Amino acid sequence: MDITALSLPPLTGTGEVVTFYSYKGGTGRTMALSNIAVLLARQQNATTPVLMIDWDLEAPGLHHYFDHHDDKPGVLELFEACREQLARRRKGAAALGGDELAREVLAAVGWEQYVSRVDQSSQLYLMRAGRFDDSYGERLAAMHWDDLFNSCPALFRCFADNLARHFRYVLVDSRTGRTDSAGICTTLLPRKLVVVFTPNRQSLEGVQALVTRATAYRRSHEDEQRPLMVYPLPSRIEMSDSVQRAQWRRGDQQQRILGYQPIFEQLLSSCYGMPQMSLDSYFDEVQLQQTRTFAYGEQLAVRIDQGGDRFSLTRTFEALLDWLAGGYFPWQSSREIHLLASIGDARRALEEGGVRALSQPLARDLNLLGELYRREGRLRQALTCFEESMTLRQRGLSEDHPDTLASKSNLASVLRLQGQLDEAQFLEECIVEARARLLGPEHLDTLAARANLAATLAQQGRPAEALTIMDAVLEAYLRLLGPEHLLTLACKADRADILFRRGDSEPARAAQEQVLAARKRLLGAEHVDTLRSKTALACTLLRMQELDAASSLFDAVYQAQLRRLGPDHADTRKARAQLADVRAQLGGPVVGRIGEPVLVPELHQDVAMADYGDALSRQPRPRSGRHPSDLWTRATEELMALDGHLSVGRPPSR
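Residues numbered from 1 in each chain as written. Predicted model: local features only at pLDDT ≥ 70, side-chain atom pairs only at ≥ 80, totals over all residues. Heavy atoms only, no water.

Student: Pulling in residues and values, what's your account of unusual backbone geometry?
Tutor: With a phi close to 60 degrees, Ala46 is a non-glycine residue in the positive phi region. One can find Ala46 in helix 2 (residues 43–46). Backbone geometry at Gln545 places phi at a positive 70 degrees, although glycine is not the residue there. (Helix = DSSP H or I, 4+ residues; strand = E, 2+ residues; numbered from the N terminus.)

In structure tokens:
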């Protein structure tokens, strides 16, 4: 092992500091950091410089994973030297600004003599906790981190910045609990924070409190307003017990288990000021399983099971790196990450003079990414993707190529959702003309394009024109496919939406009941299209003042979403809000977070009327002082995206 001072050239860019923290010991935090460090050091043909820092000074152990046993000084000695330098400069400190004083102290101390290389096949380095001599415990007790911080608040931030100029990654193994040193490691040093926890209340509550404090500190202190990306890492997960694993991940009301996924979704939503998020994709991939092989000793999984299968720890660490090393937020899906990586590779290849044919795979991936963003409601990003995809396909293929028309159609759908109706209409008219000319007036793609145009005209306040087009499309579907084909039912639902917009509630209701009954029979009572039909019919009944029937349908949708998606999914929250609004108008109990009281249970039968229960036998309740169209103020917005068939691909033929 090297015992001389290192001399590493500065990076061309800037590295980043990543802290690994756990509230309690025994989570595998140090093991996780060690494996991640080895994987990072292998990047770029093992030329990526990575530094590990053992800041768990009370229980140091990082060096054991690398069989590193020398008497070189480490973290404790480095900051003892900083304390001495500050004491020498105390008289003149007032003449220096905080950052300037910190940089001068760190330059005088130097970091090179405290770092050792621990892997001769890569640029992997370690800063130990300290020199473990007889005086180590006494010297550690005399190190008052709060006093050191108060002497020079910029010291730790500048220390991190200094190391990030020489190492692509600086991984800090933090002290557990709520200590001063843990606060330094999690709040002052990192750009990214990995919180390692086991699925129990004590561990979860500890990391929740830490994340809240760290993010609040970054927001409230002017000198520390830097980004802090948080990555939760569940550990010691027993993979053989699928029931308990699901309980602790998703929650179990009967067992009074909240579930770590909804906990972190709510926590990160609050910390980052986001209305909602999903960590489904992240936690599908990132769970450190309990294994016998690595339960004892200090073994590195990534060195033993290289190229591990889907059940290996190595695969889990590699999955975490997709988010961590790529700089992606944990609420970004793995599908989005892989598409962004593919798009980035294609862009770089084109910039380096790659063949022009590469532009079409780029256009394909941009179109796929735009479709993903549209499904997630991220319309601005979707619009950008579809615009670039369309431009690339116009240049590389032709104006009327099927792929170009697909990008145009996707772009038009987002423009419609954003209210840019004139632009959407122009594109859709071009698509209708091209598809009719190339495929014929009754080709399914042509009919779909005409239905999209009708939807835009309806939103422009031109329902008569929209109905004329939609009636012709529906007539063609009935003749070509039959009355209960999924495309025919989607067209009927779209036509009912237009009737609803025009204020023709009775014919809209009749059509919606027909579609609902058929979809329940064909797809099931809780299929997403069936639930959309229930929501549409409920909105119509609400406008018609049939509040009990509307409440019953909204409740059926809410209970189904609870079962399908859980209490914290965006669709469940939307259904809960709809039900709460109607119940408030009825004067009944307002549904809470988990749900619970119901007015009329859904009867799972093969007719639409079963969803009403006995609500239709009651007299409608008039409500004075409000126009029927005001009872559900979000009806128009809900119906804009009611069926999804106007703006996304059609279902396959049955």
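Now that the structure is up, let's keep going.
Student: Give me the packing of helix 3 (residues 75–88) against helix 7 (residues 155–164): which residues, what numbers.
Tutor: Relative to each other, helix 3 and helix 7 sit at 125 degrees, their axes nearing to 13 Å. Judged on the interaxial angle alone, helix 7 and helix 3 are oblique. Relative to helix 7, helix 3 is oriented so that their crossing is right-handed. Along its contact with helix 3, which presents Leu78, Phe79, Cys82 and Leu86, the element helix 7 presents Leu155, Phe156 and Phe159. (Axes fitted to C-alpha atoms, helices over the stretch in contact; angles between N-to-C directions. Parallel < 35°, antiparallel > 145°, perpendicular 65-115°, else oblique. Left-handed = near helix turned anticlockwise from the far one by under 90°. Contact = heavy atoms within 4.5 Å.)

Student: Break down the packing of helix 18 (residues 402–417) against helix 19 (residues 421–439) for me, citing the residues and quoting the values.
Tutor: In contact at an axis separation of 8 Å, helix 18 and helix 19 are set at 150 degrees when each is read in the N-to-C sense. Considering their axes alone, helix 18 and helix 19 lie roughly antiparallel with respect to each other. Along this stretch, helix 18 crosses helix 19, giving a crossing that reads as left-handed. Two secondary-structure elements touch here, helix 18 through Leu405, Ala406, Lys408, Ser409, Leu411, Ala412, Leu415 and Arg416 and helix 19 through Leu421, Glu423, Ala424, Leu427, Glu428, Ile431, Ala434 and Arg435.

Student: Give me the lowdown on the confidence of the model for the chain, citing residues and values where you can.
Tutor: This prediction gives the chain a mean pLDDT of 85; 84% of its residues lie at or above 70. The model gives residues 593–609 a pLDDT under 50, and that stretch makes 49 contacts with residues more than four places away or in other chains. Note on residues 613–654: pLDDT under 50 across the span, and 90 contacts to partners over four residues away in sequence or across chains. (pLDDT = per-residue confidence, 0-100.)

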